[in-house]
Amino acid sequence: MAFGLAALLLVAGCGADPVSSAPSAAAGSSAPAAPAQSPSPAGESSRTPAPGISGDGVHSGNVTHLANVPLGAPLNGPQAWGTDLAFQGDYAFVGNFDGFSIFDISDPAQPSPASQVLCPGEQNDISVSGDLLFLSIDSARNGPECEAQRGEPESDGWEGIRIFDIKDKAHPKFVSAVRTDCGSHTHTLVPGEKADRLYLYISSPGPEPTSSTCPAPHNKISVVEVPVETPEKAKVVSTPALSDTAGQGGIGGCHDITAYPEKNLAAAACFGDGILLDITDRVNPTVLQHVKDEENFAIWHSATFNNDATKVVFGDELGGGVAATCDANTPKTKGANAVYDLTSERRLELRGYFKIPREQTAEENCVAHNGSLLPVPGKDIMVQAWYQGGVSVWDFTDSTAPKEIGFFERGPVQGVGGSWSAYYYNGHIYSSDITRGLDVLRIDDPLTDPASKVRIKELNAQTQVSY
């Protein structure tokens, strides 16, 4: 697919008003646990019906579907899509095109809503740190407040970062907002050298010729500094250029950045290429290397380091999330993940590709999307969302021969749907389904069981910490 068309589909898939067409159950309902089964050997996936999800779900024998919480009012309207996830303590935070939800997950099999905040603004990419929550807004609004209405695309309306106080999980409070050039499609939280400062790396596509707030060539990101005690003083402190020009097809900026602060590294997926960054100076990240894959990659979408930062997985969102790229007509190296080794000289070298082995229909949007590591010492294992391809757990310990070891997916839905993000947190997998809400899964397998012993206090998947 031509890059220009892929970029156009990206805007449609990640920035347009969605139309929900999937059936929903009563809010707060959960599915019964699947019958106990013996774990599947690595590389084997038996298609086992999953009970309690309208009879259209299947999963590998080592994966159990524990619960589903459907989209609920006020975040279940015709323009509401479930998006990204973040975690803190016993809470999961779920983004939605119309706002965000906070769930109590102290019992993962029975998630319960703590609060829901109506705050429209695509795509509400979400992160949390301490008492602060951040949302990315990449569509023109008439102002930064939650009550602000949609602006005209060609206008110079407001878009950027919204900041909330979440000390009281039942009553989040809007604190302030920061406008950023070309808005904020996604953002990455990076802790400062001292605990009194946070930084957000803002990714957004551009330029937009009709808007003075998103001029060409838009070959940069924005860095927002947030004083933790006075978040209302948050501001843009730098706009580092990561390339000389806009990317392939005239699209500049980045889609997503994953930071590994302990290693002073970040990997940026910047539409036309992948970029390795040194973030020793948080305000002024510097480019170490650009990598391209003009044969197989269309939209460099996201990145994940392995635990010891000797590998980086880049994902290609061919078709922008709205196309069927897991069908029989699309090569296994397109709409897939590329596994790169990261050498001791901090150079990226391509080693292999991974794509889910289960073919989807030509009507199911399916492509590599958001995921995170399972904390398994000595292994490189990742869980990942594939839209209507579902949730996949795969092993890339051998960079040249990655393989799936478990999965969960539903049957087709009309229009765009499926898992937007799937992350592993304190013993369970949580998936944000675009039209069907929050799913909770468990994997029981000799390869992944050690991960259940690892406990962390906070997870923003694009801010990696070692285990």
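Everything numeric here is computed off the predicted structure, so don't read it as measured data.

## Side note on the pairing of strand β14 (residues 222–227)
Put simply, side chains in a regular strand alternate between the two faces of the sheet.
Item 1. By the criterion of burial, β14 is predominantly enclosed, with 6 of the 6 residues buried.
Item 2. By the alternation rule, side chains of β14 split into S222, V224 and V226 and V223, E225 and P227, which are all buried.
Item 3. Note: strand β13 (residues 197–203) against β14, 6 bridges, orientation antiparallel. In the strand pairing of β14, I202 is matched with S222.
Item 4. Here β14 pairs with strand β15 (residues 235–238) via 3 bridges, running antiparallel. By the bridge assignment for β15, E225 is matched with K235.

## Here we look at the state of the cysteines
Item 1. Using the criterion set out here, one finds 4 disulfides in the structure.
Item 2. One disulfide in the model links C182 with C214; its S-S distance is 1.8 Å. On the sign convention where negative means left-handed, the S-S torsion of about 100° between C182 and C214 marks this disulfide as right-handed. Separated by 32 residues along the polypeptide, C182 in the loop between β11 (173–179) and β12 (186–191) and C214 in the loop between β13 and β14 bring together distant segments of the chain. Comparing C182 with C214, the two get one shared label, buried.
Item 3. In this model, C254 is linked to C270 through a disulfide, with the two sulfur atoms separated by 2.0 Å. Classification of the bridge connecting C254 and C270 rests on its S-S torsion, roughly 70°, and on that basis the disulfide is right-handed.

## Notes on the pattern of salt bridges
Any two side chains of opposite charge can pair if their charged atoms end up close together.
Item 1. One pass over the full model with this rule turns up 14 salt bridges.
Item 2. Salt-bridge contacts for R351 lead to D341; the nearest nitrogen and oxygen are separated by 3.0 Å. Within this pair, whereas R351 is found in strand β23 (residues 348–354), its partner D341 is found in strand β22 (residues 337–342), the two being separated by 10 residues in sequence.
Item 3. With a relative accessible area of 35%, R351 lands in the partly exposed category.

## Some thoughts on the pairing of strand β25 (residues 381–385)
Item 1. Summarising burial for β25: 5 of the 5 residues are buried, a large majority.
Item 2. Along β25, one buried face is formed by I381, V383 and A385 and the opposite face, lined by M382 and Q384, is buried too.
Item 3. For strand β24 (residues 371–374) and β25, the ladder comprises 4 bridges, and the chain directions are antiparallel. Bridge pairing links L373 to M382 in β25.
Item 4. Here β24 hands over to β25 after 6 residues, with G378 in that stretch at a positive phi of 80°.
Item 5. Across 5 bridges, β25 lies against strand β26 (residues 391–395) in antiparallel orientation. If you follow Q384 over to β26, its bridge partner there is S392.
Item 6. The antiparallel hairpin formed by β25 and β26 contains 5 residues in its connecting segment, where Y387 sits at a positive phi of about 50°.

Quick notes on the rules
- Residues numbered from 1 in each chain as written.
- Predicted model: local features only at pLDDT ≥ 70, side-chain atom pairs only at ≥ 80, totals over all residues.
- Heavy atoms only, no water.
- Buried < 20%, exposed > 50% of the residue type's maximum accessible area, 1.4 Å probe, protein only.
- Helix = DSSP H or I, 4+ residues; strand = E, 2+ residues; numbered from the N terminus.
- Pairing = 2+ DSSP bridges.
- Disulfide = S-S within 2.5 Å.
- Salt bridge = Lys/Arg side-chain N within 4 Å of Asp/Glu carboxyl O.

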